[in-house]
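Results of the structural survey
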Amino acid sequence: MRAMHPLNWLVVVGWLAYVAIDGLRRARGTKHIEGYFLANRNLPWWAVGLSVMATQLSAVTMIGTTGQGAVDGMRFVQFYFGLPLAMVILGVTLVPFLHGARVFTAYEYLERRFDAKTRSLTAFLFLLSRGMSCGTILAAPAVVFSAIFGWPLGWCVLLMGVPTVLYTMIGGVQAVTWADVKQMVLIVVAITAVVTVLLLRIPVSPSDALHLAGATGRLRVFDFSFSLENTYTFWSGLIGGTFLMLSYFGTDQSQVQRYLTARSVPEARSSLLISAYWKIPLQALVLLIGVLVFVFYQFEAPPMLYNPVQAKTVRERQPAAVAALQTRYDAAVAARRAAANAVSVARRAGDDAAMPATIEYRARDSAVTRVRGEALALVERTTGEPSKDVNYIIPRFVVEQLPIGLAGLFIAGVMAAAMSAIAAELNSLATSTVIDFYKRWWRREGPDAHFLAVSRGATAMWGVFACIVATYAARIGSLIEVVNRFGSFFYGSILGVFLLAMIPRARAMGAFVGLIAGMAAVAAVNFGAPRVSFLWHNVVGAVTVVVAGMLVSAVMGGGAPRAAAEARVS
Amino acid sequence: MSVDAGTPPVEAPDIERDRRRFRRTLLKVMSVQVIALVLLWLLQQRYTP
């Protein structure tokens, strides 16, 4: 495959240097931990709002979701249907509680409302899952860049990891937020530019391009079937998605910390509403890139295998089989190209002529998919590795097809997405480590300089941990999967604990037992019968915690209840 | 926004104002989402045979 032009690398390196240097510049004036972790609660709502979006948008969105758009179409956007409602609900429930309580972490509030063990358990679960996921967020683009550019995986990890750890460690949340603002602008510019270039380079009209995508089902957004096993349906997105987004934005410290930096409760609410307004349109645009790349490859020869490392390995070990498949693939692609052109011509003649051409085109597209499926199966048999190459489609398109400068801009955008997500994770991991554990259990009082040094040390420690996990991601893949799966057990359950915190009659013992019961219920539906898609796990967890927590509170008591409002103002 | 036993009566109009603001916000956010979903629906209907 073609190497990237030096000018593209100049854009990438220039961007990384700019973000790191600007982050370091913002370290000036941070003398105590409220400034380091919460920017003295003085950031403007729009910067906080863009930081919230940047934290959620990782490199996986830029390369994985776009690739999913190319292979599977637009239906993934249903995943986000619950987000706007969740943001509005959070704006009137958890945001005033957490912001008004003047806490550093969401879990700190749970001790005020319940007890220390509930706080420590939820904070520990957060550190466990986010510590590992931070490594996987870094690993995902590093593995792809390593294959595309032919660099060792460790270099790719360090290229993104070192500047991120440096500016997060030295600059704290100020550096993270202002870097997020810049990263978000870059990401939107890169996405818009790529969509524009695609529309210009596809040799048919935008309407014909969408018709070709629609003919293969890639513009089918809505699935109204009610199946608990199917992840991407309208109902799972709307109901399960609402609970997932409530859990993520309401109880995950990596997000809560973003809006705790806002100047006031109304500004914190406004920051969340940026996501409520823009997330679905932005996600649709990201998926549309993939759909348009699919259409682009109707008229340009697409690679049979997108992962260059696997393609090289299988060519070396099975040259005859690959050559035979490549011949069939080239013929199938040529036939599909002719059919796509025929559709375009027929559409100009009218709808009656277009339908038979569309049916023929669909048959040709299925033939291409079949041969590619055989090639992927050959990769699996030959290498013994999974051959899913969805994450490689967009990076290869970018490097091989985009004009000079724009390719660098998009690669910088992918790195920006990874860095902004990792920076927020590191910042929140350090905050929880220092506030929920070190300052709570180890050393309650001390000079600001001491806690600032410990906070920077904790950020560096989590940064090094993330880089190690990312470097060995391939080898410890199964372990990461176990931890991520475990993470999905308690996401909804922690939401349930926060819901209990807002019910005056809920007691500490009820919250603790409810949390355990919620995780057990999610484990049951995950491993046993009935099997349900992971989007519903959060609903099961949250509802179980509230029901079990209220039952235990009613039966056992466990200390005098503390009103939510009282916990807020103490 | 703190609430305790000694809350003065002037809180009542604030709560009412908050409720009105919430209803307005909910209406605006949901309107934008409905428009986005209708556009996606039209895209699906127009181009999926």
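As a starting point, this report considers the structure included with it. Sequence order sets the numbering: in each chain, residues are counted from 1 along the sequence as written. Chains carry letters from A onward and ligands carry numbers from 1 onward, assigned in written order. Given that this is a predicted model, residues contribute local features only at a pLDDT of at least 70 and side-chain atom pairs are listed and counted only at 80 or more, while totals for whole chains, interfaces and linings are drawn from all residues. Just so you know, side-chain values use all the structure's heavy atoms and leave hydrogens and water out.

**Some remarks on the packing of aromatic side chains**
Aromatic contacts are taken between Phe, Tyr and Trp rings whose centres are within 6.5 Å, Trp giving its six-membered ring; a plane angle under 30 degrees counts as stacked, one over 60 as edge-to-face, and the others as tilted. With the rule as written, the count across this model stands at 32 aromatic pairs over all chains. An angle of 45° between the planes, with centres 6.3 Å apart, marks the rings of Phe222(A) and Phe234(A) as tilted. Of this pair, Phe222(A) sits in the loop between α10 (206-215) and α11 (234-251) while Phe234(A) sits in helix α11, and the two are 12 residues apart along the sequence. Comment: the charge-over-ring label is applied if NZ (Lys) or CZ (Arg) is within 6 Å of the ring centre and within 35 degrees of the ring normal. Note that Arg218(A) overlies the ring of Phe294(A), its terminal NZ or CZ placed 3.6 Å from the centroid. The lysine or arginine in question, Arg46(B), covers the ring of Tyr47(B), its NZ or CZ lying 5.1 Å from the ring centre. In this description a helix means any DSSP run of H or I spanning at least four residues, a strand means any run of E spanning at least two, and both kinds are numbered starting from the N terminus.

**Some thoughts on helix α14 (residues 308-317) of chain A**
Those residues of α14(A) lying buried are Pro308(A), Gln310(A), Ala311(A), Thr313(A) and Val314(A). Polar contact is the term for a pair of N or O atoms within 3.5 Å; when the atoms are in protein, one must be able to donate a hydrogen and the other to accept it, and sequence-neighboring residues count only if both atoms are side-chain atoms. Measuring from the side-chain oxygen of the N-cap residue of α14(A) to the backbone nitrogen of Val309(A) gives 3.0 Å; that N-cap residue is Asn307(A). Burial status follows relative accessibility: with a 1.4 Å probe on protein chains alone, a residue under 20% of its type maximum counts as buried, one over 50% as exposed, and anything between as partly exposed.

**Regarding the packing of α10(A) against helix α13 (residues 265-299) of chain A**
Residue and element names in this part refer to chain A. Between α10 and α13, the shortest axis-to-axis distance is 10 Å and the interhelical angle comes to 95°. One element, α10, and the other, α13, form an angle in the roughly perpendicular class. Of α13, the residues touching α10 (which contributes Ala-209, Leu-210, Leu-212 and Ala-213) are Leu-288, Val-291, Phe-294, Val-295 and Phe-299. When residue character is reported, Ala, Val, Leu, Ile, Met, Phe, Trp, Tyr, Cys and Pro are called nonpolar, Asp, Glu, Lys and Arg charged, and the others, Gly included, polar. Partitioned by chemical class, the residues of the contact of α10 with α13 number 9 nonpolar, no polar and no charged. Angles here are taken between N-to-C directions and fall from 0 to 180 degrees, while the axes themselves are lines fitted to C-alpha atoms, restricted in helices to the stretch in contact. Roughly parallel refers to an angle under 35 degrees, roughly antiparallel to one over 145, roughly perpendicular to one between 65 and 115, and oblique to any angle outside these ranges. Contacts were defined at the residue level, with two residues in contact if any of their heavy atoms lie within 4.5 Å.

**Some remarks on the interface of chain A and chain B**
Taken together, the contact between chain A and chain B spans 31 residues of the former and 21 residues of the latter. The term buried area denotes the loss of accessible surface (1.4 Å probe radius) that occurs when two parts are joined, taken as the sum for both partners. Roughly 2400 Å² is buried in total at the junction of chain A and chain B, and carbon and sulfur atoms are behind 73% of that figure. Looking at the side of chain A facing chain B, the largest losses of area belong to Val88(A), Phe222(A) and Tyr277(A), adding up to 23% of the total buried there. The term salt bridge refers to a pairing of a side-chain nitrogen on Lys or Arg with a carboxyl oxygen on Asp or Glu at a separation within 4 Å. Put simply, chain A and chain B have 0 salt bridges between them. Contributions of two or more residues to the side of chain A that touches chain B are made by α5 (83-92), α10, α13, α16 (351-383) and α23 (564-569) of chain A. Class assignment for the residues of the side of chain A that touches chain B results in 22 nonpolar, 4 polar and 5 charged.

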